[in-house]
Amino acid sequence: EELRDGGLNLSGGQRQRIALARALYSSRPLIILDEFTSALDEANSLRAQALVDSDTQKTFLIISHSKLDGINATGEIVVQENRAVMLACEEEVNG
């Protein structure tokens, strides 16, 4: 199938993978990823997480409503009911 103008015939997962590729390819030092795996199946979600985790040249601010097992975070901020309730390093979060 031919790609239509504006990607109108792309699925949500395809759009999300393209957006992630663009972010990773950019030269920006800070990348904000908001629910960046929400439209991906489990296999593609783990691949995307591994790509982000392997990029040591950028700082990522990841917003997620679920735990991302493929990300080795150096710090986490847990927000509950619109308030930051915990700021912790990886060791404190993972015990």
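From a predicted model like this one, the values you see are computed outputs, not experimental measurements.

## Observations regarding the overall build of the protein chain
Then step 1. Secondary structure assignment for the protein chain yields three helices and four strands.
Then step 2. For the protein chain, the N- to C-terminal ordering of α and β elements is α-β-α-β-β-β-α.
Then step 3. Here the protein chain holds 95 residues, and 25% of them are scored as buried.
Then step 4. Taking contacts inside the protein chain between residues at least 6 apart in sequence as the whole, the part at least 24 apart equals 40%.
Then step 5. In the form shown here, the protein chain has an accessible surface area of approximately 7300 Å², with 50% of it arising from carbon and sulfur atoms.

## Structural notes on helix H1 (residues 12-25)
Then step 1. Between its terminal C-alpha atoms H1 stretches 20 Å, which fits the 20 Å expected from 14 residues at 1.5 Å a residue.
Then step 2. By the burial criterion, the buried members of H1 are Gly13, Gln16, Leu20, Ala23 and Leu24. For H1, the angular spread of buried residues about the axis comes to 95°, placing them on one side. For H1, the exposed residues set more than 90 degrees away from the buried face come down to Arg22 and Tyr25.
Then step 3. Residues of H1 that are buried sit in contact with strand S1 (30-34), helix H2 (42-54) and strand S2 (59-63).

## Some points on a nonpolar patch on the surface
Then step 1. On the surface, Leu30, Ile32, Leu61 and Ile63 cluster together into a nonpolar patch covering about 360 Å² of accessible area.
Then step 2. Of all the secondary-structure elements, those providing two or more residues to the nonpolar patch are S1 and S2.
Then step 3. Here Leu61 shows up in strand S2.

## Observations concerning unusual backbone geometry
Then step 1. Of note, Glu35 is a non-glycine position whose phi angle comes to about 50°, a positive value.
Then step 2. By secondary structure assignment, the location of Glu35 is in the loop between S1 and H2.
Then step 3. With relative accessibility at 21%, the residue Glu35 sits in the partly exposed group.

## Digging into the packing of H1 against H2
Then step 1. In contact at an axis separation of 11 Å, H1 and H2 are set at 10° when each is read in the N-to-C sense. It follows from the interaxial angle that H1 and H2 lie roughly parallel. In contact with Arg17, Leu20 and Leu24 of H1, H2 contributes Asn44, Ala48, Leu51 and Val52.
Then step 2. Looking at side-chain class alone, the contact of H1 with H2 contains five nonpolar, one polar and one charged residues.

## Points about the pairing of S2
Sheet faces and side chains relate simply in a regular strand, where the side chains alternate between the two faces.
Then step 1. The sheet contact formed by S1 and S2 spans five bridges and is parallel. When the sheet's bridge partners are listed, Leu30 is paired in S2 with Thr59.

Conventions and cut-offs
- Residues numbered from 1 in each chain as written.
- Predicted model: local features only at pLDDT ≥ 70, side-chain atom pairs only at ≥ 80, totals over all residues.
- Heavy atoms only, no water.
- Helix = DSSP H or I, 4+ residues; strand = E, 2+ residues; numbered from the N terminus.
- Buried < 20%, exposed > 50% of the residue type's maximum accessible area, 1.4 Å probe, protein only.
- Contact = heavy atoms within 4.5 Å.
- Areas by Shrake-Rupley, 256 points an atom, 1.4 Å probe, with all protein chains shown as cover.
- Expected span 1.5 Å × (residues − 1).
- Arc of directions from axis to C-beta.
- Patch = residues over 30% accessible without salt bridge, like charges linked within 9 Å, V, L, I, M, F, W, Y side chains within 5 Å.
- Salt bridge = Lys/Arg side-chain N within 4 Å of Asp/Glu carboxyl O.
- Axes fitted to C-alpha atoms, helices over the stretch in contact; angles between N-to-C directions.
- Parallel < 35°, antiparallel > 145°, perpendicular 65-115°, else oblique.
- Nonpolar A, V, L, I, M, F, W, Y, C, P; charged D, E, K, R; others polar.
- Pairing = 2+ DSSP bridges.

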